[in-house]
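The primary structure of each chain is shown beneath.
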Amino acid sequence: TLPLTDPKFGAVLNGAGSLSASMPLRSPQASRAIISPGRTAIHVYRDRVPVWAGIVWGVQVTLVGGAEQLKLDAADFWSPFLKGSDTGRFIRHDKTYTAIDQLTIARDLVDYAQDQSQHGVMVPIGVGTSGTNTSGVTRTVEYPAEDFKPVGEAVVELAEKDDGFDFRIALS
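Residues numbered from 1 in each chain as written. Predicted model: local features only at pLDDT ≥ 70, side-chain atom pairs only at ≥ 80, totals over all residues. Heavy atoms only, no water.

**Student:** Would you mind going over the overall build of the protein with me for this structure?
**Tutor:** Regarding its fold elements, the protein presents three helices and nine strands. Moving toward the C terminus, one meets the helices and strands of the protein in the order β-β-β-β-β-α-β-α-β-β-β-α. Split into buried and exposed, the 172 residues of the protein put 38% on the buried side. Here the analysis covers contacts within the protein between residues at least 6 apart in sequence; of these, 59% occur between residues at least 24 apart. Here the protein has roughly 9900 Å² of accessible surface; of this, 51% comes from carbon and sulfur atoms. (Helix = DSSP H or I, 4+ residues; strand = E, 2+ residues; numbered from the N terminus. Buried < 20%, exposed > 50% of the residue type's maximum accessible area, 1.4 Å probe, protein only. Contact = heavy atoms within 4.5 Å. Areas by Shrake-Rupley, 256 points an atom, 1.4 Å probe, with all protein chains shown as cover.)

Following this line, the structure appears as structure tokens:
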């Protein structure tokens, strides 16, 4: 348990929600072994019920009221699908969809990204694609491997098309 103060967090439709919070720098939990940007998951509970979860991406030492604080910035579990770094999930193989329902395409892209290894190690993010519903809108799209497009960007672009869809990351 991290002794977070003043946490501010929220969800974003068709994007990654964010969290910012602080904790005392002198806290035993304020160590690199526990908090590592891009590797540390953080979960927020209210009355023992999870209300937000994500990955710490930024850590900064600040001075608040004369006390040193560790400021944490995090984004929900959709963020690795959007990141343009070595932690991102990219389309690494040619993907072609011909007259396929857009929700089926989006689920397939997310499942594809979940199956990718990072530096030769499988690191599942844990974003599920529950449901088998369809939208009734078919698309024909191609994602060439050489574009190295982040999967999240492809899904967001698909959602933003005319007659697109909305999505969110929900805790289960």
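**Student:** Explain the pattern of salt bridges to me, please; I cannot follow it from the model alone.
**Tutor:** Between side chains of opposite charge, a pair can form as their charged atoms come close. Under the criterion given, the structure shown has six salt bridges. Across the salt bridge formed by lysine 149 and glutamate 153, the nearest N and O atoms sit 3.4 Å from each other. The buried category is assigned to lysine 149, whose relative accessible area is 17%. Through salt bridges that share partners, Lys149, Glu153 and Glu157 make up one connected network. (Salt bridge = Lys/Arg side-chain N within 4 Å of Asp/Glu carboxyl O.)

**Student:** Just checking my understanding: could you explain unusual backbone geometry for this structure?
**Tutor:** It is generally the case that most residues other than glycine have a negative phi and that most peptide bonds are trans. Residue asparagine 14 is not a glycine yet carries a positive backbone phi of 65°. Summarising the element assignment, asparagine 14 is placed in the loop between β1 (5-10) and β2 (18-24). Phi is positive for arginine 48, close to 65°, though the residue is something other than glycine. Positionally, arginine 48 belongs in the loop between β3 (41-46) and β4 (49-64).

**Student:** Just checking my understanding: could you explain the environment of threonine 62 for this structure?
**Tutor:** Tracing the sequence through the fold places threonine 62 in strand β4. Distance in space between the C-alpha atoms of threonine 62 and proline 24 is 9.8 Å, their sequence separation being 38 residues. Among all residues touching threonine 62, those that are not within four sequence positions of it are Ala67, Glu68, Gln69 and Lys71.

**Student:** I'm lost on the pairing of β2 in this one. Help?
**Tutor:** The two faces of a sheet get side chains in turn, since along a regular strand they alternate between them. Judged from the four bridges that link them, β1 and β2 form a sheet pairing that is antiparallel. Paired with phenylalanine 9 across the two strands is leucine 19, which belongs to β2. Where β2 lies against strand β5 (residues 67-76), seven bridges are found, and the strand directions are antiparallel. Counted as the bridge partner of methionine 23 is leucine 70 from β5. (Pairing = 2+ DSSP bridges.)

**Student:** Quick question: what am I supposed to make of the packing of aromatic side chains here?
**Tutor:** Aromatic ring pairs are defined here through the distance separating the ring centres and the angle between the ring planes. In total, this model carries five aromatic pairs according to the counting rule given. Consider the rings of tryptophan 78 and phenylalanine 167, whose centres lie 5.1 Å apart with planes at 65°: the pair is edge-to-face. Taken together, the residues span a long stretch of sequence, with tryptophan 78 in the loop between β5 and α1 (79-82) and phenylalanine 167 in the segment after α3 (151-160) at a distance of 89 residues. With respect to class, tryptophan 78 is no different from phenylalanine 167; both count as buried. Three or more aromatic residues joined by ring pairs make a cluster, and in this case those are Trp78, Phe81, Phe165 and Phe167. (Phe/Tyr/Trp six-rings, centres within 6.5 Å; stacked < 30°, edge-to-face > 60°.)

**Student:** How do you make sense of the nonpolar core when you look at a structure like this?
**Tutor:** Within soluble globular proteins, side chains that are nonpolar tend to cluster in buried spots. By size, the foremost hydrophobic cluster in this structure holds 21 residues, and its most contacted members are Leu109, Tyr143, Val151, Val155 and Phe165. Where this core is concerned, the elements lending two or more residues are α2 (102-114), β9 (138-143) and α3. In terms of residue count, the dominant contributor to this core is α2 (seven residues). Not counting the four nearest positions on each side in its chain, tyrosine 143 is found in contact with Ile91, His93, Asp94, Lys95, Tyr97, Leu109, Lys149, Ala154 and Leu158. Counting residues in hydrophobic clusters, the runner-up holds eleven residues, among them Leu19, Ala21, Ile42 and Ala74. (Core = buried A, V, L, I, M, F, W, Y, C linked by side-chain atoms within 4.5 Å.)

Functional significance is not addressed by these values, which are geometric in nature.
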